[in-house]
Amino acid sequence: MMKNKYKKVIGLEIHVELNTASKVFCRCSSAFGAQPNSQVCPTCLGLTGALPVLNEKAVNLALKAALALNCKIDPCSKFDRKSYFYPDLPKGYQITQHYKPIAKDGYIEIETEGEKKKIGIAQLHIEEDAARQIHKDDHTLIDFNRAGVGLIEIVTKPQLETAEEAKAFVLKIKKILQYLNISDCKMEEGSLRCDANISLKAENSHSLGTKTELKNLNSLKSLQKAIDYEAKRQEELLLSKMSVTQQTLKWDESRNKCVVMRTKKSAAGYRYFPEPNIPPLFINEEFIKQVKATISNLPDDEKDRFIKLGLSSKDALVISEIREVSNFFKETIKYCDDIQLVANWIKGELFRHLSDKERISEQLTPKDFASLLNYVKRGDITAQSAKKVLKQMLAQKKSPKVLIEELDLAQLSNHKTLNKLVEEVLNQNHNSVKDYYNGKDKALEYLVGQAMKLSKGKANPKTARLLILEKLQ
């Protein structure tokens, strides 16, 4: 009964750091991982008299993201000050776009459990990041290197209904932005962070309940767990005839629960007002066309292209998941025309050895990979030997031709040599021969396996099998 009484209503606010060399309103580096507080200046520290200058590349990337997410572009957007006094914000306000964001009314399509659903995007705006806080037992450290790094915030409409849908939405956004090199979207480094607004509404009701905001969701796992936890907490309150308080909660990973951070402010509480030091941002149709022309090969387009080439929907999804893997696949099939063989080896043996799939081309060239697969396709080496060669290709950066010679893995196809090898196998395995004559088919496979073992994986398995059958007749 409890499960069906209320429905979840979820909206997401996704903050994504833009892939720019410098911060959004000053020239400080935006690189991750530098010595704390080494990438700061009077502007990003909010010192008196310092003035912000908008980063042009940040605008280009934000516009590109907006177009890829099917948003409508505002030809005249503006910046505002969002006032709040926290230690991670030295100015006492954040520069953002509240009243006139660069884009709004977009959408993307997600798929969960085989069902597709269009999720609306209310708005996409540019803003600056706050400093990073590192909480210790009895004190907090602050790294201002992150203060002023350029962000886009993507705000969804409250159209998500489950934690799984929320996860699918974040994954889809991440994939699109990575494909277009708008952001690296590394959640572990904080370049993609997510807040969730959640409320419950009674079945068949059109009225939304009081929402709470969930913060500190730095992984997809945390996002799902926090949503399910908070939905259950709100449901228990409502079933007990108690009310939900509008507040901001923090997900505590160590305790697997949401804890109160503060009572949530209304928009009026942030005292938004126009940023006086940054002029309006005018974007004309010609500029939109130029940026739109740079958008190509979105993940769904790549997936459809691979399906048309003959891959299954499942394989196409795996290969198109990461832009670098998709590009590697497209390059490899220029040199090896067996598309399914290439896909199978990428998602199987190659993925097994790669620690970072996004750096696939740094570890192996498509031409060498195709060359290895052509050896397998022609029957020059066995699949088992090819796996050994691939491992060494990744370790030694040598061509498959050189490694096949060095490792002496060229396939044995010579009938005279194989005949001798098969005779040896039959002489050493009398019981299996007897089993075969008694109708046990598995005995034949065992004998072929012994031939492969004796040849150290070099025997042509088809030829070895035929020769064994001939001798058993």
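This text goes with the structure placed above it.
Procedures and definitions
Each chain has its residues counted from 1, following the order in which its sequence is written. Where totals are concerned, whole chains, interfaces and linings use all residues; where local detail is concerned, this predicted model gives features only for residues with pLDDT of at least 70, and gives and counts side-chain atom pairs only at 80 or more. Side-chain measures here rest on the full set of heavy atoms in the structure, leaving out hydrogens and waters. Helix and strand labels come from DSSP, where a helix needs a run of H or I of at least four residues and a strand needs a run of E of at least two; each type is numbered from the N terminus. With the radius of gyration taken over C-alpha atoms, the globule rule is written as 2.2 Å times the number of residues to the power 0.38. Accessibility here uses a 1.4 Å probe with only protein chains present; expressed as a share of the type maximum, an area under 20% marks a residue as buried, one over 50% as exposed, and anything in between as partly exposed. In this analysis, two residues are considered to be in contact whenever any of their non-hydrogen atoms come within 4.5 Å of each other. Every definition here rests on a 1 Å grid over the protein atoms only: cavities are sets of points where a 1.4 Å probe fits but cannot get out, pockets are open sets enclosed by protein on both sides within 12 Å along at least five of seven lines, and lining residues have some atom within 4 Å of a point. Grid points are joined across faces, edges and corners, and a volume is the space filled by probe spheres set on the points. Polar here means any residue other than Ala, Val, Leu, Ile, Met, Phe, Trp, Tyr, Cys and Pro, which are nonpolar, and Asp, Glu, Lys and Arg, which are charged; Gly is therefore polar. Put simply, a nonpolar core is a bunch of buried Ala, Val, Leu, Ile, Met, Phe, Trp, Tyr and Cys residues held in one set by side-chain atoms that sit within 4.5 Å of each other. Criterion for a salt bridge: a side-chain nitrogen of Lys or Arg within 4 Å of a carboxyl oxygen of Asp or Glu. Each axis is a line fitted through C-alpha atoms, and for a helix only the stretch in contact is used; angles between axes span 0 to 180 degrees, taken between their N-to-C directions. Angular relationships are summarised with four words: roughly parallel below 35 degrees, roughly antiparallel beyond 145, roughly perpendicular across 65 to 115, and oblique for the angles in between. Any two strands with at least two DSSP bridges between them are considered paired. Side-chain atoms alone can form a polar contact between residues adjacent in sequence; in general such a contact is a pair of N or O atoms within 3.5 Å, and within protein one must be able to donate a hydrogen while the other accepts it.

Caption draft 1: How the structure looks around the overall build of the chain. A count of helices and strands for the chain gives 17 helices and 16 strands. Here the C-alpha radius of gyration of the chain, 30 Å, is well above what a compact globule of 473 residues would show, namely 23 Å. Projected onto its principal axes, the C-alpha coordinates of the chain cover approximately 90 × 55 × 50 Å. By the burial criterion, 47% of the 473 residues in the chain qualify as buried. Within the chain, counting contacts between residues at least 6 apart in sequence, those at least 24 apart form 68% of the total.

Caption draft 2: Examining empty space enclosed by the protein more closely. If you walk through the whole model with that rule in mind, you get 1 cavity of 30 Å³ or more. Counted as a void, the largest cavity has a volume near 30 Å³. Partitioned by chemical class, the residues of the lining of the largest cavity number 5 nonpolar, 1 polar and 3 charged.

Caption draft 3: Region of the structure containing the nonpolar core. If you look at the biggest cluster of nonpolar residues, it comprises 68 residues, and the most contacted ones within it are Leu12, Ile14 and Phe169. The leading source of residues in this core is helix H2 (residues 56-68), at 9 residues. Each residue touching Leu12, except ones within four places of it in the same chain, is listed here: Ile154, Val155, Thr156, Leu160, Ala166, Phe169, Val170, Cys194, Asp195, Ala196 and Leu223. One finds Phe329, Val342, Ala343 and Ile404 within the second-largest nonpolar core, a separate group that totals 34 residues.

Caption draft 4: Fine view of the pattern of salt bridges. Counting across every chain of the model gives 29 salt bridges. Here Lys117 ties to Glu161 by a salt bridge, and the two come within 2.8 Å at their closest N and O atoms. Of this pair, Lys117 sits in strand S7 (residues 115-128) while Glu161 sits in the loop between strand S10 (150-156) and helix H3 (163-179), and the two are 44 residues apart along the sequence. By relative accessible area, Glu161 is classed as partly exposed at 33%. Residue Arg193 pairs with Asp129 through a salt bridge whose shortest N-O separation is 2.7 Å. One end of the pair, Arg193, is in strand S11 (residues 192-202); the other, Asp129, is in the loop between S7 and strand S8 (132-135), and 64 residues separate them in sequence. Of the two residues examined, Arg193 and Asp129, each falls in the buried class. A network of salt bridges, in which partner residues are shared, links Lys7, Lys117, Glu161 and Glu165.

Caption draft 5: Summary view of the packing of H2 against helix H5 (residues 285-292). Relative orientation of the contacting elements H2 and H5 amounts to 75°, with a least axis distance of 10 Å. Classified by the angle between their axes, H2 and H5 sit roughly perpendicular to one another. Contacts from Asn60, Leu63, Lys64 and Leu67 in H2 reach Phe287, Ile288, Val291 and Lys292 in H5. Grouping the constituent residues of the contact of H2 with H5 by class yields 5 nonpolar, 1 polar and 2 charged.

Caption draft 6: View of the sheet that holds strand S15 (residues 273-274). Strand order in the open sheet made by the 3 strands is S5-S4-S15, with antiparallel pairing throughout. The two strands at the open ends of the sheet, each matched to only one other strand, are strand S5 (93-96) and S15. Pairing of strand S4 (residues 80-83) with S5, which is carried by 4 bridges, proceeds in the antiparallel orientation. Residue pairing for S5: Ser83 is matched across the bridge by Tyr93.

Caption draft 7: Molecular detail of the side chain of Asp129. Taking relative accessible area as the criterion, Asp129 reaches 4% and is therefore assigned buried. A polar side-chain atom of Asp129 sits 2.7 Å from a polar atom in the side chain of Arg193. Not counting the four nearest positions on each side in its chain, Asp129 is found in contact with Glu17, Arg146, Ala147, Gly148, Val149, Leu151 and Arg193.

Caption draft 8: Expanded view of the layout of surface pockets. Quantified by volume, the second largest pocket comes out at close to 850 Å³. Considering the residues around the second largest pocket, the lining is formed by 27 residues, among which Leu171, Lys172, Lys175, Leu317 and Glu321 are closest to the centre. Among the residues making up the lining of the second largest pocket, the classes are represented as 7 nonpolar, 3 polar and 17 charged.

Caption draft 9: Structural detail: the pairing of strand S1 (residues 6-17). When you tally the buried positions in S1, you get 10 out of 12 residues, the bulk of the element. With 5 bridges connecting them, S1 and S10 associate as antiparallel partners. The partner of His15 across the bridge, within S10, is Glu153.

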